[in-house]
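Coordinate inspection notes
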Amino acid sequence: MGSKHSKNEGRRSMVFLRKGPKLPAWEDALLSGREPKSLLKRGLRYVSLSLIMKGMTSTPDFLWGLPEVQKLNLSRNRLVVIPPSLGKLDRLVVLNLGGNCLKSLPKEIGLLRNLRVLFVNMNCLTEVPAELSLCRKLEVLSLSHNRISQLPLSFTDLTSLRKLNLSNNRFVQIPLCIFALRSLDFLHLGSNKLENIAESIQYLVNLQIFIVENNNIRSLPRSLCYIATLELLNADYNALQTLPDDLYLLRRLRRIAWNPMDKGLHIAHNPLSRPLPEVVEGGLDVLFNYLREKKEHN
């Protein structure tokens, strides 16, 4: 009797296990029977969790039960949605969502008040939630390779932002809110649909790297020449025919640069009117002298 009873119990247990919720293959592989906390890496400064390239189509539920996470990498998966539960991870300092299929971000991202670095590059975003501006400690933001054409005016509150990458989007003009970000030292707007740069660019008094390559910009504003901190100005592949006479005031531009990441002045592949192409071939000093003399004669 006892033996028969134990066999029946075993069968019932097996049936129960079969009927239990089955984890997605990638989530089951992640845990392999372990506690979620075992995935955490505790460094000297941060508690980190990396789930890069795990084939995820949705975020694992156990993630939202790890509030101690400070650095979270969910990049290069197939995520379509980030749920509102993201707001529970309010200790996050670094969040990488790059290389997914996200069409939007939850407004709860504004609850991440300790966030300093955010990557949402290479997704399908068409807009950015205004609540992101509540992340007042944010210093680095990459929204490159999306479908964004405007930013919320509330972005003026991101006063700690130093590096902003908006390249490969659909901006036809530089959003007005950007000119209020006085701490910016890096601004990348390459590969958009810009036709001009507003004179308000002069308010970015700490800007060191300014990239607007591969747009349709027809002229550079005079006010750009008053940003004395500029070390790299990349306007390659535009529609420039002339250059502002005061360009020589940008004394931290050391050379005519050809390598995309070299510091200096990048103005290759523009329909510059003569004699500018020949002058540029002589180098930056020759170009600056030409512009200075031209201004004096005018």
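Residues numbered from 1 in each chain as written. Predicted model: local features only at pLDDT ≥ 70, side-chain atom pairs only at ≥ 80, totals over all residues. Heavy atoms only, no water.

Per an unreviewed UniProt entry, the chain goes by the name LRC30 protein and belongs to Furnarius figulus.

**So, the overall build of the chain**
Counting its regular elements, the chain contains four helices and 11 strands. Its C-alpha atoms give the chain principal-axis dimensions of about 110 × 35 × 30 Å. For the chain, the proportion of its 298 residues judged to be buried stands at 48%. The long-range fraction of contacts in the chain, counting pairs at least 24 apart against all pairs at least 6 apart in sequence, stands at 32%. As displayed, the chain has an accessible area near 15800 Å², and 51% of this comes from carbon and sulfur atoms. Across the chain, the 41 positively charged side chains and the 26 negatively charged ones have centroids separated by 12 Å. (Helix = DSSP H or I, 4+ residues; strand = E, 2+ residues; numbered from the N terminus. Buried < 20%, exposed > 50% of the residue type's maximum accessible area, 1.4 Å probe, protein only. Contact = heavy atoms within 4.5 Å. Areas by Shrake-Rupley, 256 points an atom, 1.4 Å probe, with all protein chains shown as cover. Lys, Arg positive; Asp, Glu negative; His and termini not counted. Charge placed at Lys NZ, Arg CZ, Asp CG, Glu CD.)

**Here's the deal with the environment of Pro60**
Mapped onto the elements of the fold, Pro60 is located in the loop between strand S2 (47–50) and strand S3 (71–73). For the pair Pro60 and Leu30, spaced 30 residues apart in sequence, the C-alpha separation works out to 9.7 Å.

**Structural notes on the nonpolar core**
Within the largest apolar cluster, 84 residues are counted, with the highest numbers of intra-cluster contacts made by Leu151, Ile178, Phe210 and Leu287. Sorting the residues of this core by element identifies helix H2 (25–31), S2, helix H3 (276–281) and helix H4 (284–297) as the ones contributing at least two each. When residues in this core are grouped by element, the largest group, four residues, is from H4. Leaving out residues up to four positions away in the same chain, Ile178 has contacts with Leu151, Leu164, Leu166, Leu184, Leu187 and Leu204. (Core = buried A, V, L, I, M, F, W, Y, C linked by side-chain atoms within 4.5 Å.)

**A word on the packing of aromatic side chains**
Tallied over the entire structure, the rule returns zero aromatic pairs. The cationic tip of Arg292 hangs over the ring face of Tyr248; the distance from NZ or CZ to the ring centre is 4.7 Å. (Phe/Tyr/Trp six-rings, centres within 6.5 Å; stacked < 30°, edge-to-face > 60°. Lys NZ or Arg CZ within 6 Å of the ring centre and 35° of its normal.)

**A closer look at a positive patch on the surface**
A cluster of basic residues, Lys103, Arg147, Arg170 and Lys193, forms a positive patch on the protein surface. In this fold, Lys193 is placed in the loop between strand S8 (186–188) and strand S9 (209–211). (Patch = residues over 30% accessible without salt bridge, like charges linked within 9 Å, V, L, I, M, F, W, Y side chains within 5 Å. Salt bridge = Lys/Arg side-chain N within 4 Å of Asp/Glu carboxyl O.)

**Describing H4**
Between the first and last C-alpha of H4 there are 20 Å, a value that for 14 residues agrees with the 20 Å anticipated at 1.5 Å per step. Residues of H4 that are buried include every one of Leu284, Leu287, Phe288 and Leu291, and no others. Summarising the axial view, the buried residues of H4 lie within an arc of 95°, below the 170-degree limit, and thus occupy one face. The exposed residues of H4 that point more than 90 degrees off its buried face are Asp285, Glu296 and His297. Those residues of H4 hidden inside the fold are in contact with strand S11 (264–266) and H3. (Expected span 1.5 Å × (residues − 1). Arc of directions from axis to C-beta.)

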